[in-house]
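# Residue-level structure breakdown
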Amino acid sequence: IGDKGAQEFAEALRDDVCLREFEAGFIRLLDKLTNGSRIEVNETGTSVFYHPGLLAGGKLEHDCSCQRSIGYFLEPLMMLAPFAKCSVCVTLRGLTSGPEDPSVDYYLMCVLPLLKKLLPVGEVELKIHRHGVGRDGCGEVVFSCPVVR
């Protein structure tokens, strides 16, 4: 982002706005996906410093917040996974559709075919094991992606 971008990001998180549960969950997912990341959140949750590490990949499981659907976590994951050090297989649990994010069906029917055309690698897969709606959000999705070499 650079110094100016980091400063603007810090200013965007004012004292009256703190880190929400789903944002913290996304940072935890990035931490699981990487090695050597450094994350600092101040006591009030109004300032975040993230220094990315190496995209390691591997087999992961992540429980998504019920504030946002799995699509919120899946979209950046689909962009980062091909560039990891080893193949990625992530099981995401939570809501499969919500009012603010595209449903996992959208990613299965629209984004995945495009990703398969763009990536010169083996099989990229998105499997929906269970749909989950409502407060309990017991949906489960498995995304797997080999490494681009």
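Quick note: structure is the one above.
To keep things clear, this report deals only with the structure shown in the data block.

Reading the values: the criteria
Here, residues in each chain are numbered from 1, in the same order as that chain's written sequence. Given that the model is predicted, a residue must reach a pLDDT of at least 70 before its local features are reported, and side-chain atom pairs must reach 80 or more before they are shown or counted; all residues, however, enter totals for whole chains, interfaces and linings. Each side-chain value is worked out from all heavy atoms of the structure, with water and hydrogens disregarded. Strands are runs of DSSP state E lasting at least 2 residues, helices are runs of H or I lasting at least 4, and numbering of each runs from the N terminus. Each residue after the first adds 1.5 Å to the expected span of a helix. Exposed residues in this analysis have more than 50% of their type's maximum accessible area, buried residues have under 20%, and partly exposed residues fall in between, with area computed by a 1.4 Å probe over protein chains only. Angles here are taken between N-to-C directions and fall from 0 to 180 degrees, while the axes themselves are lines fitted to C-alpha atoms, restricted in helices to the stretch in contact. Roughly parallel here means an angle under 35 degrees, roughly antiparallel means over 145, roughly perpendicular means 65 to 115, and every remaining angle is called oblique. Residue contacts are defined here by distance: any two heavy atoms, one from each residue, within 4.5 Å place the two residues in contact. In this count, Pro and Cys sit with the nonpolar residues alongside Ala, Val, Leu, Ile, Met, Phe, Trp and Tyr, while Asp, Glu, Lys and Arg are called charged and the others, Gly among them, polar. Aromatic pairing here means that ring centres of Phe, Tyr or Trp (its six-membered ring) are within 6.5 Å. Orientation follows from the plane angle: under 30 degrees is stacked, over 60 is edge-to-face, and everything else is tilted. Less than a right angle of anticlockwise turn of the near helix away from the far helix marks a crossing as left-handed, whereas a clockwise turn marks it as right-handed.

## Section: helix α2 (residues 21-33)
Given a rise of 1.5 Å per residue, 13 residues ought to cover 18 Å, and the 18 Å separating the end C-alpha atoms of α2 matches this to within 8%. Those residues of α2 that fall on the buried side of the exposure criterion are F22, A24, G25, F26, I27, L29, L30 and L33.

## Side note on the packing of helix α3 (residues 70-80) against helix α4 (residues 104-118)
Where α3 meets α4, the axes come as close as 11 Å, and the angle between the chain directions of the two elements is 10°. Between α3 and α4, the angle falls in the class roughly parallel. Between α3, through I70, G71, L74, E75 and M78, and α4, the contact on the second element is made entirely by V104, Y107, V111, L112 and L115. Taken together, the residues that form the contact of α3 with α4 break down as 8 nonpolar, 1 polar and 1 charged.

## What about the packing of aromatic side chains?
Under the defined criterion, the tally for this structure stands at 4 aromatic pairs. With centroids separated by 6.0 Å and ring planes inclined at 70°, the aromatic side chains of F26 and Y72 adopt a geometry described as edge-to-face. Residue F26 is found in helix α2, and its partner Y72 is found in helix α3; the two are separated by 46 residues along the sequence. Seen from their ring centres, Y106 and Y107 are 5.3 Å apart, and the 75° between their planes marks the pair as edge-to-face. Given a relative accessible area of 40%, Y106 falls into the partly exposed group. An aromatic cluster of at least three residues, connected via ring pairs, comprises F22, F26, Y72 and F73.

## Topic: the packing of α2 against α3
Where α2 meets α3, the closest approach of the two axes is 10 Å, and the angle between their N-to-C directions is 30°. Here α3 runs roughly parallel to α2, going by the angle between their axes. For α2 against α3, the interelement crossing comes out right-handed. Taken together, the residues of α3 that come into contact with α2 (itself represented by F22, E23, G25, F26, L29, L30 and L33) are Y72, F73, P76, L77 and L80. Class assignment of the residues belonging to the contact of α2 with α3 gives a composition of 10 nonpolar, 1 polar and 1 charged.

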